[in-house]
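As a plain string of letters, each chain reads:
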Amino acid sequence: MIKSKLRSYIYEPVLTKEDIQSSKKRKGARASDWRKTLGRIWKIVDEQRALLIIILLMVVISSILSLLGPYLIGKIIDDHMIKKDFTGLKSMILVLIFVYIGLSISIFLQNYWMIGIAQQTVYRMRTGLFAKFQRLPIAFFDKRQHGELMSRMTNDMDNISSTLNSTFIQVFSSVITLVGTLVVMFSMSPLLTFLTMLIIPVMFVSTRWITRRTGKLFKTQQQALGSLNGMIEETISGQRVVKAFSQEQRMIDEFANKSSDLRRVGYWANVYSGAIPKTMNLLNNTSFAIVAGVGGILALKGYVSIGTIVVFSEYARQFTRPLNDLSNQFNNVLSAIAGAERVFTIMDEKEEQDQGKGELIREIRGDVTFEDVSFQYNLEEDIATIEHINFHVKKGQTVALVGATGAGKTTIMQLLARFYDPQQGRILIDDCPIQTISRQNLRSQMAFVLQEPFLFEATIKENIRYGRLQATDDDVVNAAKKANAHNFIMSLPNGYDTVLTADGGEISQGQRQLLSIARALVANPAILLLDEATSSIDTVTELEIQEALERLMEGRTSLVIAHRLNTIRKADLILVMEKGKLIESGEREKLIAKKGVFYQMLQQSTL
Amino acid sequence: MNTIFQYIKRYRLSIIIALMLMFVELAVELTQPLLIRKIIDEGIVVGESHTIWLWGSIMMLLALLAFLAGICNSFFAGYAAQNFAYDLRNALFKKVQSFTMATFLQFPSASLITRLTNDVTQVQQVFFMSLRIMLRAPLVVLGSLIMAFYVDASLAIYLCIGIPVLAVFMYMMVKKSIGNFALVQHKVDRVNRMIQENLQAMRLVKAYLRGLYEVSRFEKVASALKKDTSSALRLMEYIQPILLIVMNIAMLAILWFGAGQIQNGKTNIGDIAAIVNYTMRMTGSFSMFAFIITLFSRAKASATRMEEILLIKDGIEEVVLPTKIEAPYKKGEIVFENVSFKYPQTDRYVLKNISFSCKKGEKIAIMGATGSGKSTLLQLITKFYEVEEGRILVDGVDIKEWNLKNLRQSIGYVPQRSLLFTGTIFDNITWGKTKATKEEVIKATKQAQIYDSIMDFQNGYQTRVGQKGVNLSGGQKQRLSIARAILRKPEFLLFDDSTSALDVKTESALWKALEEEQATMLVVTQKIRTAKGADRIILLEDGVLSAFGTHKELIASSILYKKIAQSQMELGVKGDD
């Protein structure tokens, strides 16, 4: 009955026999993984080597002082109190005061500086990861939940940070104490020292037994936390839909499910990692019993003096304490490694490749050619593919892409901006293959208005200036005026200094589009890509900004996607797409005269 | 803190068991020196091997007992801590789900995410630690103090001199550091926000080559976090050295005055040695103390942040409000009566004095300039925001009296931005109605004109939707979210400009297919074509309803409408109209 009662406090195990078996087999590989991960963290820590050395010095000083204190007190008791000779006691106590002050100061300084190093390391890893995000190809982000990636930046980093703060000093001072005690013990009795050290292999094996389990558990725990984070992010960003469909309860249930996964892993991680200090305690006691037992018998036979055993048993206890600390730290290190591994996996992802790296910034004229270009997003699941696309745009021309949704219009733009690279065919800009032009060079002369206008949590002014950071306030206002955004901006209480929030109600979707058009106007590019730039704007306003857009397109190569065929009536070239293929292309008048697909679309739109 | 304690209390039993097991361990640990003394004094010194074996084995047995107690403690402590965190997380999530949109917007989403994961973890860790080791340090200190007094009260009193000073000092430190750690968590929010923003805007950042700029912006946020974390942690580092100095000076005082007492013959050396020994034990535990204080302050800061959410009383949706209407008598009807609205914490009215009504099965188009309040009008019907002036009747009943769940159950809302979730296309369509059959799904997708596209995908309905639907075109996303809405067979369909990315042919097919649903439809649109297909049109101008009628009526009466219509005349084929 007790058993069944107890069972309700125990969760179903997370680890399977296979897990443990495989970790046994992978023993070598795993150890080298750990070494690699630790090595990489160390490399960042090591950047502050000078400070690190000073810290180590402080640790040595504090270790010596903390041994010196008790030694001097022992001397006071022996020399003064027992002998009842109190001359010189005052100066001894004075020395002790200095020792203790020194001890406090050295402890303070080592911790103070170590915090600096730890935080700097985490800072470097954080910014490194963030910079890495910027260099990764778009395709990388398509597959991953935002919240999951965010978790690596905060929750995983937190593990590393707290471990670095405490572990480093602990490990070092434990090693010093360990070596010191060992030397003293050895000088007293090599035999007993040997006996005491018998527990080390046992300690090693049992720690291995535990860490073989915790290593995997910590990793799973971080994964579970990441996936929970992903779910929270998604539900929160999609809150309107959750509410509109009254799916709150289901979301709560789903959350509880994921949350209970985390609970189960966390439980076992706690249980296993908690076993280490307890095992160490047991081993300590065993070691003491061995020393006392064997030592006692040896003493009876006269091999060692009784005094030696008494003092030695004290040292044996001291000997195991740092070992205990070390094994405790080992667990912390493992949880940090679990976090760091997740960070480094991303650091090792393949970046956007650039053949044209290092090339000088070159003026782009804006001749665009697609030669037999084919592309699919995901080779396993072919959604939104384009096939054998051929077209040529001369500098300064405006091209309109029309066709049903999902025909591949946006894909063409994304290829031109090199968010993705085509699997077949080539794209030429000014007769150069696009791969030979660096992304930097290419995008610096392009401006984009994306289908979904994204604005940052910043002021309106900063959001418009995003197109060109050097733009003056006047430039910003001018662009806003051209984009017909000035009036509504001025009607906001803080005007251009209004801070936008991610999902706030302060401005409408159409107004967001106006701002992103203003942003493109500020950029002053050679190639302009407008992807449904005006879809949420009312047509009267659109008509008003049409002129500005046309002026903007003048002299620049522009690619325009629009469902409202009015929007593109001045295009030089019209490309009609259907299911990823180019089915008609040519000048507007010619296409109308041809009475083909475009003509039909036009007909329908004016019915 | 009280609210959080409620969650701890639930696991009273396992906490008590865990603590008892910890006491067992502690008791064994404290008796050990006595046993060792016995082995040495009565065994080794006297040369009694029998005694050595006897007490040696007793000691081993006790050690084994402590070991077992320690292992069992892990189970109970783990159970309590993990369940506590689990309950807390779920409670927070549940609370967040019950927020009204207005409350929701008060918290940046990144901050909510931090509170639900990072903050919970902080508190949980401290809770687990306290069930295992935390109480040990205070107990050792207390035990040693009692023992010291027992040995010689006149000397032990020196140990107490420092205590009031230390108590005040520690109190101040804790108070200050809680504020500091709250600041740290706030900075974690900022970091989170910045990453979220960049992930969402990745294409934009890349298109405008702002990678380095973003990195430098992030560096500012990250270095603020570094600075605050460092100074919060560094403040805590004052505790240990100061505790050490005070304790060590007290010990030296004992030695000094003890020496005097020995001279007078009041005390013997053994007592002094014992008190010094106890003092050293206390000092040893103090470094643990500093650690505990740090953890506690951190946990307290996190707990406060969670309570901020848990304690919100206003701005909660009353989902379970008893519905007063069992069988609505005016099915499919929406009436606006003098509705005015402004967003919370703003002064500007977005909608002013709107009145109109629509009958069952009617299709109303809503048009108007950018920012004229079209989306807001729809969001009032779904009760995302509360109407303050005027009232809205749905099925003849004021929406304030509607059971929120029933109300929303009867509405199919298609938002302006198609929000899709991680999962397959099938998951996304059945998202609002998980029990839908395959046939229903096929029908809804056919109606939404997305069936053929789905069939063209290699994996059909099982195709995975990338993060927020990146692998789908704008129009595909819109049609998926339309399918999701009509699958529920709602009485009302609200389209918030959600056909903007559809080409003409697809759109007309969509409207035709929806006719059989007989739902009352409110359609925000920019396209005159769409408006023409509606029964009546609402024209909004700066939040005011400036015209309401059929296409023909509006063409005749409204200058603005005429202007809109003209703007959309296709110049080339004008004659065909």
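Quick caveat, the model's predicted, so the values are computed rather than measured. (Residues numbered from 1 in each chain as written. Chains lettered and ligands numbered in written order. Predicted model: local features only at pLDDT ≥ 70, side-chain atom pairs only at ≥ 80, totals over all residues.)

Some words on the overall build of chain A
Right, so step 1: Across its full length, chain A holds 21 helices and 10 strands.
Right, so step 2: The C-alpha radius of gyration of chain A comes to 35 Å, more than 25% above the 25 Å expected for a compact globule of 607 residues.
Right, so step 3: Across its three principal directions, the C-alpha atoms of chain A cover 120 × 60 × 50 Å.
Right, so step 4: Looking at chain A as a whole, 49% of its 607 residues qualify as buried.
Right, so step 5: Of the contacts formed within chain A by residues at least 6 apart in sequence, a portion of 81% connects residues at least 24 apart. (Helix = DSSP H or I, 4+ residues; strand = E, 2+ residues; numbered from the N terminus. Rg over C-alpha atoms; globule rule 2.2 N^0.38 Å. Buried ≥ 20, exposed ≤ 12 C-beta atoms within 10 Å, placed from the backbone. Contact = placed C-beta atoms within 7 Å.)

Some details on the overall build of chain B
Right, so step 1: Within chain B one finds 21 helices and 12 strands.
Right, so step 2: The C-alpha atoms of chain B give a radius of gyration of 36 Å, which is well past the 25 Å a tight globule of 577 residues would have.
Right, so step 3: Along the first, second and third principal axes, the C-alpha atoms of chain B reach 120 × 55 × 50 Å.
Right, so step 4: When contacts within chain B are restricted to residue pairs at least 6 apart in sequence, long-range pairs at least 24 apart make up 78% of them.

With respect to the sheet that holds strand 10 (residues 581-586) of chain A
Residue and element names in this part refer to chain A.
Right, so step 1: Spatially, the six strands line up as an open sheet ordered 6-7-8-3-9-10, and their pairing is mixed. Lying at the two open borders of the sheet, with one neighbouring strand each, are strand 6 (446-449) and strand 10. With strand direction ignored, the average angle separating the axes of adjacent strands in the sheet is 15°.
Right, so step 2: Inspection of the sheet shows strand 7 (residues 527-531) paired to strand 8 (residues 557-561) by five bridges, in the parallel sense. (Pairing = 2+ DSSP bridges. Axes fitted to C-alpha atoms, helices over the stretch in contact; angles between N-to-C directions.)

Some details on the nonpolar core
Right, so step 1: Counting residues in hydrophobic clusters, the biggest one holds 333 residues, and the most contacted among them are F448 and A518 of chain A.
Right, so step 2: Broken down by element, this core gets its largest block of residues, 20 residues, from helix 11 (residues 248-300) of chain A.
Right, so step 3: When near neighbours in sequence (up to four residues on either side) are disregarded, F448 of chain A contacts A417, A520 and L529 of chain A together with L204, A207 and Y208 of chain B. (Core = buried A, V, L, I, M, F, W, Y, C linked by C-beta atoms within 7 Å.)

With respect to the domain arrangement of chain A
Right, so step 1: When its domains are assigned, chain A resolves into domain 1 (11-347) and domain 2 (368-605).
Right, so step 2: Between domain 1 of chain A and domain 2 of chain A, the C-alpha centre-to-centre distance is 54 Å. (Domains from an automatic or database assignment.)

Thoughts on the pairing of strand 4 (residues 389-394) of chain B
Residues and elements named next belong to chain B.
Right, so step 1: Note that strand 1 (residues 334-341) and strand 4 share five bridges and pair antiparallel. By the bridge assignment, I334 is partnered in strand 4 with V394.
Right, so step 2: Pairing of strand 4 with strand 5 (residues 397-398) involves two bridges; the strand directions are antiparallel. Note on strand 5: the bridge partner recorded for L393 is D398.
Right, so step 3: Connecting strand 4 to the antiparallel partner strand 5 that follows it, the hairpin turn spans two residues, and D395 within it adopts a positive phi of roughly 55°.

Some points on the domain arrangement of chain B
Right, so step 1: Examined at the domain level, chain B breaks down into domain 1 (1-98), domain 2 (103-317), domain 3 (330-410 + 490-569) and domain 4 (418-489).
Right, so step 2: Once you take the C-alpha centre of each, domain 1 of chain B and domain 3 of chain B turn out to be 66 Å apart.

Description of the sheet that holds strand 2 (residues 386-393) of chain A
Residues and elements named next belong to chain A.
Right, so step 1: One open sheet accounts for four strands, arranged 2-1-4-5; its pairing is antiparallel. Bordering the open sheet on either side are strand 2 and strand 5 (432-433), each of which pairs with just one other strand.
Right, so step 2: Sitting on the sheet, helix 13 (residues 409-416) touches strand 1 (368-375), strand 2 and strand 4 (424-429), and the angle it makes with strand 1 is about 115°.

Some remarks on the interface of chain A and chain B
Right, so step 1: Across the contact, 158 residues belong to chain A and 154 residues belong to chain B.
Right, so step 2: Residue contributions to the side of chain A that touches chain B peak at 27 residues, all from helix 11 of chain A.
Right, so step 3: Residues of the side of chain A that touches chain B, tallied by class, amount to 78 nonpolar, 56 polar and 24 charged. (Nonpolar A, V, L, I, M, F, W, Y, C, P; charged D, E, K, R; others polar.)

Topic: the pairing of strand 7 of chain A
Residue and element names in this part refer to chain A.
Right, so step 1: Most of strand 7 sits out of view: five of its five residues are buried.
Right, so step 2: Side-chain alternation along strand 7 places I527, L529 and D531 on one buried face and L528 and L530 on a second face that is also buried.
Right, so step 3: Sheet topology places strand 6 next to strand 7; four bridges connect them, and they run parallel. What sits directly across from A447, in strand 7, is L528.
Right, so step 4: Once the chain exits strand 7 it traverses helix 19 (residues 539-553) before rejoining the sheet at strand 8, and the crossover so formed is right-handed. (Right-handed = clockwise from strand over helix to strand, strands pointing away.)

Digging into the packing of helix 16 (residues 473-482) of chain A against helix 18 (residues 509-523) of chain A
Residue and element names in this part refer to chain A.
Right, so step 1: Following both chains from N to C, one finds helix 16 and helix 18 inclined at 125°, their axes separated by 8 Å at the closest point. Looking at the two axes, helix 16 sits oblique to helix 18. Seen from above, helix 16 lies across helix 18 with right-handed handedness. Counted together, D475, V476, A479, A480 and K482 of helix 16 and A518, L521 and V522 of helix 18 form the full contact between these two elements. (Parallel < 35°, antiparallel > 145°, perpendicular 65-115°, else oblique. Left-handed = near helix turned anticlockwise from the far one by under 90°.)

Points about the confidence of the model for chain A
Right, so step 1: Confidence in the prediction of chain A, expressed as mean pLDDT, is 82, and 91% of residues score 70 or more.
Right, so step 2: In the model of chain A, helix 1 (residues 2-7) of chain A stands out as the element of lowest mean pLDDT, 65, in contrast to helix 5 (residues 89-135) of chain A, which has the highest, 91. (pLDDT = per-residue confidence, 0-100.)

Considering the environment of M553 of chain A
Residues and elements named next belong to chain A.
Right, so step 1: Its place among the elements puts M553 in helix 19.
Right, so step 2: Separated by 156 residues in sequence, M553 and Q397 place their C-alpha atoms 8.2 Å apart.
Right, so step 3: The residues contacting M553, other than those within four sequence positions of it, are T398, L528 and S558.

Remarks on helix 16 of chain A
Residue and element names in this part refer to chain A.
Right, so step 1: Residues V476, A479, A480 and K482 constitute the buried set of helix 16. End-on view of helix 16: buried residues confined to an arc of 160°, all on one side of the axis. Turned more than 90 degrees away from the buried face of helix 16, the exposed residues are D473 and D474.
Right, so step 2: Taken from the residues just after helix 16, N484 is the one with a positive phi, measuring 65°. (Arc of directions from axis to C-beta.)

Describing the confidence of the model for chain B
For any part of a model where pLDDT is low, the fine detail of the predicted coordinates should not be relied upon.
Residues and elements named next belong to chain B.
Right, so step 1: In the predicted model, chain B carries a mean pLDDT of 83, and 95% of its residues have values of at least 70.
Right, so step 2: The low-confidence segment residues 571-577 (pLDDT under 50) makes 11 contacts with residues lying over four places distant or belonging to another chain.
Right, so step 3: For this predicted complex, the interface confidence score (ipTM) comes to 0.82, while the overall pTM stands at 0.83.

Digging into the environment of L298 of chain A
Right, so step 1: Relative to the assigned elements, L298 of chain A resides in helix 11.
Right, so step 2: Taking the C-alpha atoms as reference points, L298 of chain A and L192 of chain A, separated by 106 residues in sequence, lie 9.8 Å from one another.

Here we look at helix 12 (residues 374-381) of chain B
All names here are of chain B.
Right, so step 1: Helix 12 sits mainly inside the fold: eight of its eight residues count as buried.
Right, so step 2: Buried residues of helix 12: K374, S375, T376, L377, L378, Q379, L380 and I381, and no others.
Right, so step 3: A positive phi of about 60° marks K383, the residue just after helix 12.

Here we look at unusual backbone geometry
Right, so step 1: A positive phi angle, near 50°, is found at D430 of chain A, a position not held by glycine.
Right, so step 2: Turning to its location among the elements, D430 of chain A is positioned in the loop between strand 4 and strand 5.
Right, so step 3: Even without glycine at this site, N338 of chain B takes up a positive phi of about 45°.
Right, so step 4: With respect to the secondary-structure elements, N338 of chain B resides in strand 1.
Right, so step 5: The exposure class of N338 of chain B is exposed, given the 12 C-beta atoms found within 10 Å.

With respect to the environment of R426 of chain A
Residues and elements named next belong to chain A.
Right, so step 1: Looking at the element boundaries, R426 is found in strand 4.
Right, so step 2: Separated by 52 residues in sequence, R426 and S374 have C-alpha atoms that sit 8.8 Å apart.
Right, so step 3: Aside from chain neighbours lying at most four places away, what touches R426 is E371 and P433.

Concerning the packing of helix 3 (residues 49-98) of chain B against helix 11 (residues 269-310) of chain B
Residues and elements named next belong to chain B.
Right, so step 1: Their axes nearest at 9 Å, the elements helix 3 and helix 11 cross at an angle of 40°. The angle between helix 3 and helix 11 places the two elements in the oblique class. Between helix 3 and helix 11 the crossing geometry is left-handed. Across the interface between the two elements, L88, A91, L92, K95 and V96 of helix 3 pack against M306, I309 and L310 of helix 11.

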